[in-house]
Amino acid sequence: MAVKNQLRSLQHIVVTADQMRQIEERVFAAGMPVPALMEKVAGRITQRIAALFLPQPGLRVGILVGPGHNGGDALVVARELHFQGCQVVIYQPFTKLKELTGHHAQYCSSLGIPTIEQVAALQECDLLVDGLFGFGLERSLSGDIASAVEQINQWHKPIVSIDLPSGLHTDTGQALGTAIQATHTLCLGLWKQGLLQDQALAYVGQAELVDFDLPLADIHAVLGDTPPVQRITSESAIAHLPLPRSLTAHKYTAGHLLLICGSRRYAGAAILSGLGARASGVGMLSIAVPASLQPVLMAQLPEALVVGCPETPSGAILCLPDEVQLDKYSAIACGPGLTMEAKPVVRSVLGSSLPVVLDADGLNMVAEWGTSMLEPRTAPTILTPHLGEFKRLFPHLAETLPCRVTAVREAAAQTGAIVLLKGARVTISDSHTVWINPASTPALARGGSGDVLTGLIGGLLAQPLAQQKTQSPLPNLVQSAVWWHSQAGILAAQERTELGVDAHTLTQYLIPALKTHL
């Protein structure tokens, strides 16, 4: 139980190569022998490989061995799989090995495990174990090694990478020239930041954390009590949802969200945002739309208070009517489907003293005005750009985008807002901490899915119970909404395939997805 509890406590921690190096140095300085740690780590890797692929009589396993300790881990795995009856062959393209790695290579040779120098011989294997390079690789793969990696990738065989696929940058997840396309990655000790970046997904396959009992004291000594980069977990996401409710709760104690969205051209954005907000459980939902859309919204969301607004000749919101007094709401979500004609409305929203979620055309307006207009705001602001909107909002940060962690942190620091960068791995920052959602599905690559997320975030932010559950509520609630939204997409894709999850369908899976985790 203690091991399971520690593993659970480590699942949210994400490290860079430098941070991992500092943690390991503390462990070794405290007296942990490097050979003992290698045996322990490789033993746990072997256990996972056996659980994934054994028993399979006569399994042919090719071991890719690099010159460093990642290669040493791979050689210990080779030895142990050999003892378990696998037909093991070692591909060792380097003649110069670290001392400890060399000792393991010598022992494997003494056991009669064959070593080859030509990668083509691995094509007969059923499984490959990648131990060419570990964390901290900075140089691009080139020459014979790059050619070997490209050849291996063309075989489309099961590949288990130790710690991270060889060739990936530990922090950015970029392929350094080329990289192993693994089907499984066994990340060692703590999650490496690069594994959670969009560009790494083509190489990582199914990733899991292999705990080898790093002391929590050493982790905290390097990262502090609050790790600067964290992975969103289902436990933390659920913990910050407004559940359970008080037995005496009523609609006036469960928050009041104002959605400002839609136009004659983009009526669907208003509907989808409203459906996302409805799923959040917010006590009262008001939706401000152009007057011509009021009957449509009332038919789709009969429980909402739909406010018809004066509109422009093309059907955009011209202004908010007198009955919409912003100070009577708990939070505002604004932007989906507005069009750029609704600038006066967005200006008034940003001048309010309420938490605001800004999306879509709301973001495009801020990009046109300049993000400095957000600086006077005293209330929290949540920006939810996709990649194109992010580049328009923060053109000077375009060069940092190969590392989404850096880009989002700097954007949040510049604006004082919580910035949520959409993508396969949604990344969130309040300038102090960065959170990454580790699971999603390409089924969400559909128009309107972001509108659903905007409504869901707004609905959670409006609920007082959710804000009372933590001392720093807003970033945690944004994480919960992102996790919830992605889990709905995953569940919907499982039942309907990745092609069958339109945004309206997605809204129907929000509650079933949550129910599966409660």
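Residues numbered from 1 in each chain as written. Predicted model: local features only at pLDDT ≥ 70, side-chain atom pairs only at ≥ 80, totals over all residues. Heavy atoms only, no water.

(A) Main features of the overall build of the chain. Scanning the chain for helices and strands turns up 20 helices and 19 strands. Taking 2.2 N^0.38 as the reference for a compact globule, 518 residues should give roughly 24 Å; the C-alpha atoms of the chain span a radius of gyration of 26 Å, in line with that estimate. Over its C-alpha atoms, taken along the principal directions, the chain stretches across nearly 85 × 45 × 40 Å. For the chain, the residues scored as buried account for 58% of the 518 residues in total. Within the chain, contacts between residues at least 6 apart in sequence are counted, and of these 72% link residues at least 24 apart. Across the chain, the 34 positively charged side chains and the 41 negatively charged ones have centroids separated by 5 Å. (Helix = DSSP H or I, 4+ residues; strand = E, 2+ residues; numbered from the N terminus. Rg over C-alpha atoms; globule rule 2.2 N^0.38 Å. Buried < 20%, exposed > 50% of the residue type's maximum accessible area, 1.4 Å probe, protein only. Contact = heavy atoms within 4.5 Å. Lys, Arg positive; Asp, Glu negative; His and termini not counted. Charge placed at Lys NZ, Arg CZ, Asp CG, Glu CD.)

(B) Examining the sheet that holds strand β19 (residues 434–436) more closely. Strand order in this open sheet of ten strands is β10-β19-β18-β17-β16-β15-β14-β11-β12-β13, and the pairing throughout is mixed. The two strands at the open ends of the sheet, each matched to only one other strand, are β10 (229–231) and β13 (305–309). This sheet shows a mean twist of 15° between the axes of neighbouring strands, independent of strand direction. Pairing analysis gives three bridges linking β10 to β19, with the strands arranged parallel. Note that in β19 the partner of Q230 across the bridge is W435. The strands touched by helix α15 (residues 404–415) are β10, β16 (381–383), β17 (418–421), β18 (427–429) and β19; relative to β18, the strand with the most contacts, the crossing angle is about 35°. (Pairing = 2+ DSSP bridges. Axes fitted to C-alpha atoms, helices over the stretch in contact; angles between N-to-C directions.)

(C) Structural detail: the state of the cysteines. One pass over the full model with this rule turns up zero disulfides. Its sulfur unpaired, C108 is 13 Å from the next cysteine sulfur, which belongs to C86. With a relative accessible area of 1%, C108 lands in the buried category. Residue C309 stays outside any disulfide, its sulfur separated by 7.5 Å from that of C319, the closest cysteine. (Disulfide = S-S within 2.5 Å.)

(D) How the structure looks around the packing of aromatic side chains. Evaluated as defined, the whole model comprises two aromatic pairs. Each ring, one from F94 and one from F133, has its centre 5.8 Å from the other, and the planes form 80°; the classification is edge-to-face. One end of the pair, F94, is in the loop between β3 (87–91) and α5 (99–110); the other, F133, is in the loop between β5 (127–131) and α6 (143–155), and 39 residues separate them in sequence. Summarising the burial analysis for this pair, F94 and F133 share the class buried. Ring geometry for F390 and F394: centres 4.9 Å apart, planes at 50°, overall tilted. For F390, a relative accessible area of 0% puts it in the buried group. According to the relative accessible area criterion, F394 is buried, its value standing at 1%. Over the ring of W369 we find R347, and its NZ or CZ is 4.1 Å from the ring centre. (Phe/Tyr/Trp six-rings, centres within 6.5 Å; stacked < 30°, edge-to-face > 60°. Lys NZ or Arg CZ within 6 Å of the ring centre and 35° of its normal.)

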